[in-house]
There are 2 protein chains.
Amino acid sequence: MGFVFFAFYRYLFIDKTRPKWMPASERIGNLRKEGGMLMASGNISRLTLQRLPTYLSYLRNLPEDSPPNISAAAIAAGLGLGEVQVRKDIASVSNVGKPKTGYPVSALIQDLEHFLGYGVCNRAVLVGVGNLGLALLSYSGFAEYGLHIIAAFDVNHALIGSRINQKPVLPVEQLSSFCRESGVQLGILTVPACAAQSCCNALAQGGVRAVWSFAPVHLQAPPGVLVQRENMASSLALLSYHLKTQSGSLKESETNSLAAEKKIGGKSNG
Amino acid sequence: MGFVFFAFYRYLFIDKTRPKWMPASERIGNLRKEGGMLMASGNISRLTLQRLPTYLSYLRNLPEDSPPNISAAAIAAGLGLGEVQVRKDIASVSNVGKPKTGYPVSALIQDLEHFLGYGVCNRAVLVGVGNLGLALLSYSGFAEYGLHIIAAFDVNHALIGSRINQKPVLPVEQLSSFCRESGVQLGILTVPACAAQSCCNALAQGGVRAVWSFAPVHLQAPPGVLVQRENMASSLALLSYHLKTQSGSLKESETNSLAAEKKIGGKSNG
DNA sequence: TCGTTTTTGTGAATGTTTTCACAAACTTTT
DNA sequence: AAAAGTTTGTGAAAACATTCACAAAAACGA
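Residues numbered from 1 in each chain as written. Chains lettered and ligands numbered in written order. Predicted model: local features only at pLDDT ≥ 70, side-chain atom pairs only at ≥ 80, totals over all residues. Heavy atoms only, no water.

What chain A contains, in helices and strands, is eight helices and 13 strands. Buried residues in chain A amount to 53% of all 270 residues. Long-range contacts, defined here as pairs at least 24 residues apart, represent 58% of the contacts in chain A between residues at least 6 apart. (Helix = DSSP H or I, 4+ residues; strand = E, 2+ residues; numbered from the N terminus. Buried < 20%, exposed > 50% of the residue type's maximum accessible area, 1.4 Å probe, protein only. Contact = heavy atoms within 4.5 Å.)

Given below as structure tokens:
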């Protein structure tokens, strides 16, 4: 599954006077030591951040009998990415790589999980128990990403009071207060487009600071609240355009959001 | 909903000798006349292509009583994008814009639909009738994007033979032959990760040229077959990172895949 | 111990996308 | 009819991301 999204930006803080080769203990990728803990040095590009969970997933799903170390080249080959890109991405969250040896898999997994915040439990609510809401509620894999849906909300009285995958369905009127009282940090919006903005407002009012919206509309949110719109239409556009333009069977390798190619050609095959 | 993805690339064919101001009849945005029809001149960037459905959706959902014309500035404000970006994006698929007037909404909608291929009927099959598969099968809004799911496939004998939202569920063994016989162009993969590659192979063997995969694995596909991976983990990564880093309530405007900001800051608030 | 080999990490170069600045064109007003 | 005021469209500049080329480090072997 792929996503797209954002955060606010600030200017890169690059020290251009820094010598090319500092001792490794001082310049550790994009990381720096701070109170004994490795911290990201403040800037990760959106595209890198989007690739990180893919690395994590790849590493987690490596066969049991794989060697304890893995090279950037192996990861790159497995995911269809550039070798240097993998190294740069990893360097921005970890410093466990060792020349000649590669990366110790378990340590790298830990660093990725730590950086992505998958270790912490993010409490979430889901709003809109329709088809998609039901599917997401029933999916138990979110825990792998540190995401825990603790309740669902809907307007449908037939659903209110029931439990889906052990999560209670509550009336949408209680959305704000529930979020505030339970310290919910993230809201998942699977409501119809027309209801999305008001639900988003309710979430924001309840102190929720991140909204994952599946509604096909642009939402306004107060400062401090991040709205991530999952845009299936964009995916379909790419597929549809491919079908429209590459009607003959042109050569084409696998492509996805992670790959490096950039242009979507119109007619030539070379 | 947001997406990410790809196509193969070719080199930009920019005529740097072209004078700055050609007559409008010859240089029409990124378009050119070809047999009387406007054709995209071969190059649309992936990011532009991903934004196009958002414009389309925004225009379609404009209130009934809106004026017949709209300006790039209005669209930009409504979607939280840059004004010039909107103009450039639109220029790559349409030439209905007029100075001082803006864009006639209905004509622009038509151009977007035509470019995105939403007019044509893309026949699709869905493989894997689990939670997510069920949700997508039940969703009737895909027709809006020119997508028509005509059948579903699964291994579960309890499901085979039934109908979901009027679509028959067939045994996965028939996947290849069904696709070939019915001229299916697109396959939607909502199977578990372990089954994804084999289903993808079956689709490719059946002549399917575009695969929309929700499985969290990298798929290999033969040349000519485009694999678009919908990556929910990437979306969650961005949200999770936001929660982790902006723990205090820092100023933050809405952000999504379409917005213009680029860097995801780590600590400063400006 | 020292050289060889492999692999990481990164500065610089290259390529892509967005933003800026402004010419052209259309509409309206005088 | 001409001038004024908007709004489009785009070349050039800036910002951003990827790839290249190579220095440094670790492992291994002689």
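Glancing now at the sheet that holds strand β8 (residues 163-164) of chain B. All names here are of chain B. In space, the seven strands of this open sheet follow the order β8-β9-β7-β6-β10-β11-β12, with mixed pairing throughout. For this open sheet the edge positions go to β8 and β12 (226-229), each flanked by a neighbour on one side alone. Across two bridges, β8 lies against strand β9 (residues 167-171) in antiparallel orientation. Opposite Ile164, over in β9, you have Lys167 as the bridge partner. Of the strands in this sheet, β6 (122-127), β10 (186-189), β11 (210-213) and β12 are in contact with helix α7 (residues 193-205), which crosses β10 at around 170°. (Pairing = 2+ DSSP bridges. Axes fitted to C-alpha atoms, helices over the stretch in contact; angles between N-to-C directions.)

Below, the discussion takes up helix α6 (residues 175-182) of chain B. All names here are of chain B. Buried within α6 we find Leu175, Ser176, Phe178, Cys179 and Ser182. Buried residues of α6, seen end-on, are gathered within an arc of 170° and therefore sit on one face of the element. Opposite the packed face of α6, turned more than 90 degrees from it, sit the exposed residues Arg180 and Glu181. Structurally, α6 contributes buried residues whose contacts are with β6, β7 (147-154), β9 and α7. Two residues or fewer after α6 comes Gly183, characterised by a positive phi angle close to 65°. (Arc of directions from axis to C-beta.)

A few words on the packing of aromatic side chains. All told, the structure shown has 12 aromatic pairs over all chains when counted by the stated rule. The interplanar angle of 70° and the centroid separation of 5.6 Å between the aromatic rings of A:Tyr118 and A:Tyr145 together place this pair among those described as edge-to-face. Within this pair, whereas A:Tyr118 is found in the loop between α4 (105-116) and β6 (122-127), its partner A:Tyr145 is found in the loop between α5 (131-138) and β7 (147-154), the two being separated by 27 residues in sequence. With respect to burial, A:Tyr118 and A:Tyr145 carry one shared label: buried. Within the aromatic cluster, the residues linked to one another by ring pairs are A:Tyr139, A:Phe142, A:Trp212 and A:Phe214. Of note, A:Lys244 hangs over the ring of B:Phe115, and the distance from its end group to the ring centre comes to 4.6 Å. (Phe/Tyr/Trp six-rings, centres within 6.5 Å; stacked < 30°, edge-to-face > 60°. Lys NZ or Arg CZ within 6 Å of the ring centre and 35° of its normal.)

To continue, consider the sheet that holds strand β10 (residues 186-189) of chain A. The strand order across the open sheet built from seven strands is β8-β9-β7-β6-β10-β11-β12 (chain A), with neighbouring strands paired in mixed fashion. Sheet topology places β8 (163-164) and β12 (226-229) of chain A at the edges, where each strand pairs with a single neighbour. Here six bridges tie β6(A) to β7(A), and the two strands are oriented parallel to one another. Bridge pairing in β7(A) links A:Val127 to A:Phe153. Set on the sheet, helix α8 (residues 232-245) of chain B makes contact with β6, β7, β10, β11 (210-213) and β12 of chain A; between it and β11(A) the angle comes to about 165°.

Counting across every chain of the model gives eight salt bridges over all chains. Measuring nitrogen to oxygen at the nearest pair gives 2.7 Å for the salt bridge that ties A:Arg60 to A:Glu113. Here the residue A:Arg60 occupies a position in helix α1 (residues 46-60), and A:Glu113 occupies one in helix α4, the gap between them amounting to 53 residues. A relative accessible area of 25% places A:Arg60 in the partly exposed class. One salt bridge connects B:Glu144 with B:Arg60, and the closest N-O pair in it is separated by 3.5 Å. Here B:Arg60 lies in helix α1 (residues 46-60) and B:Glu144 lies in the loop between α5 (131-138) and β7, a separation of 84 residues in the sequence. You can call B:Glu144 partly exposed: its relative accessible area is 42%. Put simply, A:Arg60, A:Glu113 and A:Glu144 are held in one network by salt bridges that share partners. (Salt bridge = Lys/Arg side-chain N within 4 Å of Asp/Glu carboxyl O.)

The next point concerns the environment of A:Leu108. Residue and element names in this part refer to chain A. Relative to the helices and strands, Leu108 is located in helix α4. Under the relative-accessibility criterion, Leu108 is labelled buried at 0%. Here the alpha-carbon distance between Leu108 and Val96, two residues 12 residues apart in the chain, equals 6.6 Å. What Leu108 contacts, discounting residues up to four positions off in sequence, is Leu59, Ile75, Ile90, Ser94, Val96 and Tyr103.

Quick look at the packing of α1(A) against α4(A) now. Residue and element names in this part refer to chain A. Relative orientation of the contacting elements α1 and α4 amounts to 145°, with a least axis distance of 10 Å. Crossing of α1 over α4 shows left-handed handedness. Two secondary-structure elements touch here, α1 through Leu49, Leu52, Pro53, Tyr55, Leu56, Leu59 and Arg60 and α4 through Val105, Leu108, Ile109, Leu112, Glu113, Phe115 and Leu116. Looking at the contact of α1 with α4 residue by residue, the class counts come to 12 nonpolar, no polar and two charged. (Left-handed = near helix turned anticlockwise from the far one by under 90°. Nonpolar A, V, L, I, M, F, W, Y, C, P; charged D, E, K, R; others polar.)

Before going further, it helps to spend a moment on the side chain of B:Asp89. All names here are of chain B. Of note, Asp89 is situated in helix α3 (residues 83-91). Of note is the side chain of Asp89, whose polar atom sits 2.9 Å from the side chain of Thr48. Setting aside residues up to four positions removed in sequence, Asp89 forms contacts with Thr48, Arg51, Leu52 and Tyr55. (Polar contact = N/O pair within 3.5 Å; in protein donor to acceptor, adjacent residues only side chain to side chain.)

Next up on the list: the environment of A:Leu112. Here A:Leu112 lies in helix α4. In this view, A:Leu112 contacts A:Leu52, A:Tyr55, A:Leu56, A:Leu59 and A:Val93; residues no more than four positions away in its chain are not counted.

Let us look at the pairing of β6(B). Residues and elements named next belong to chain B. β6 sits mainly inside the fold: five of its six residues count as buried. Between the parallel pair β6 and β7, the chain is carried across by α5, and the sense of this crossover is right-handed. Where β6 and β10 come together, four bridges link them in parallel fashion. Note on β10: the bridge partner recorded for Val125 is Gly187. (Right-handed = clockwise from strand over helix to strand, strands pointing away.)

A few words on the nonpolar core. With 105 residues, the main nonpolar core has A:Trp212 and B:Trp212 as its most contacted residues. In contact with B:Trp212, other than residues within four places in its own chain, are A:Met232, A:Ser235, A:Leu236, A:Leu239, B:Phe142, B:Leu147, B:Leu186, B:Gly187, B:Ile188, B:Leu189, B:Gln228 and B:Glu230. If you look at the next biggest cluster of nonpolar residues, it comprises 25 residues, including A:Leu175, A:Cys199, A:Ala204 and A:Val227. (Core = buried A, V, L, I, M, F, W, Y, C linked by side-chain atoms within 4.5 Å.)

On to the confidence of the model for chain A, then. All names here are of chain A. Across chain A, the average pLDDT comes to 81, with 76% of residues at 70 or higher. Taken as a whole, residues 1-29 scores under 50 in pLDDT and shows 95 contacts with residues more than four places along the chain or in a different chain. The low-confidence segment residues 265-270 (pLDDT under 50) makes 21 contacts with residues lying over four places distant or belonging to another chain. (pLDDT = per-residue confidence, 0-100.)

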